[in-house]
Amino acid sequence: FLASAGNLTIGHRYQEMMDLINETLSDISYVIPDYDGSGYDILGFVWFQGFSDMIDDRKVAEYDINLRNLLDDVRKDLNMSDLPITIGELGMMGI
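Residues numbered from 1 in each chain as written. Predicted model: local features only at pLDDT ≥ 70, side-chain atom pairs only at ≥ 80, totals over all residues. Heavy atoms only, no water.

Below, the discussion takes up the overall build of the protein chain. Across its full length, the protein chain holds 3 helices and 2 strands. Considering only residue pairs separated by 6 or more positions, the protein chain has 61% of its internal contacts joining residues 24 or more positions apart. (Helix = DSSP H or I, 4+ residues; strand = E, 2+ residues; numbered from the N terminus. Contact = heavy atoms within 4.5 Å.)

As structure tokens, this is what we get:
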């Protein structure tokens, strides 16, 4: 999930995520069959961090800037500069 705000290449997982978001928003009735087409509001974005960035020293050192870039890019790509974001952390082996 490399983000672009730091002049890095956009990772393919980020692009897949944004494609899925845009695909879903373009056909909401596919995931919400009773949707009446009256519009929608995006109220927030939830990011669950896994553990793969915790097992590589280089990734640990770059985590802060990569996360900031990810959040900046999501807000930019959704055209929502004030989008609320919640970050959760997935555990590993009970941690």
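On we go from here.
Taken together, Tyr30, Val31 and Ile32 make up a surface patch of nonpolar side chains, about 360 Å² in accessible area. For Tyr30, the position within the fold is in helix 2 (residues 28-31). (Patch = residues over 30% accessible without salt bridge, like charges linked within 9 Å, V, L, I, M, F, W, Y side chains within 5 Å. Areas by Shrake-Rupley, 256 points an atom, 1.4 Å probe, with all protein chains shown as cover. Salt bridge = Lys/Arg side-chain N within 4 Å of Asp/Glu carboxyl O.)

What follows deals with the packing of helix 1 (residues 12-26) against helix 3 (residues 57-77). Running from N to C, helix 1 and helix 3 point in directions that differ by 35 degrees, and their axes come no closer than 12 Å. For the pair helix 1 and helix 3, the crossing hand works out as right-handed. Contact residues: Tyr14, Met17 and Met18 in helix 1; Leu70, Asp73, Val74 and Asp77 in helix 3. The residue inventory of the contact of helix 1 with helix 3, partitioned by class, reads 5 nonpolar, no polar and 2 charged. (Axes fitted to C-alpha atoms, helices over the stretch in contact; angles between N-to-C directions. Left-handed = near helix turned anticlockwise from the far one by under 90°. Nonpolar A, V, L, I, M, F, W, Y, C, P; charged D, E, K, R; others polar.)

Counting 13 residues, the largest nonpolar core has Met17, Phe45, Leu70 and Val74 as its most contacted members. Elements represented by at least two residues in this core include exactly helix 1, strand 1 (45-49) and helix 3. If near-sequence neighbours (up to four positions away) are discounted, Val74 is found in contact with Tyr14, Met17, Phe45 and Leu83. (Core = buried A, V, L, I, M, F, W, Y, C linked by side-chain atoms within 4.5 Å. Buried < 20%, exposed > 50% of the residue type's maximum accessible area, 1.4 Å probe, protein only.)

All right, on to the environment of Asp73 then. Summarising the element assignment, Asp73 is placed in helix 3. For Asp73, a relative accessible area of 2% translates into the label buried. Residues Asp73 and Tyr14 lie 59 residues apart in sequence; the distance between their C-alpha atoms is 9.4 Å.

The next subject is helix 1. Given a rise of 1.5 Å per residue, 15 residues ought to cover 21 Å, and the 21 Å separating the end C-alpha atoms of helix 1 matches this to within 8%. Looking only at helix 1, the buried set comprises Tyr14, Met17 and Met18. Taken down its axis, helix 1 places every buried residue within 95 degrees of arc, on the same side. Away from its buried face by more than 90 degrees, helix 1 exposes His12, Leu20, Glu23 and Ser26. If you follow the buried residues of helix 1, they end up packed against strand 1 and helix 3. (Expected span 1.5 Å × (residues − 1). Arc of directions from axis to C-beta.)

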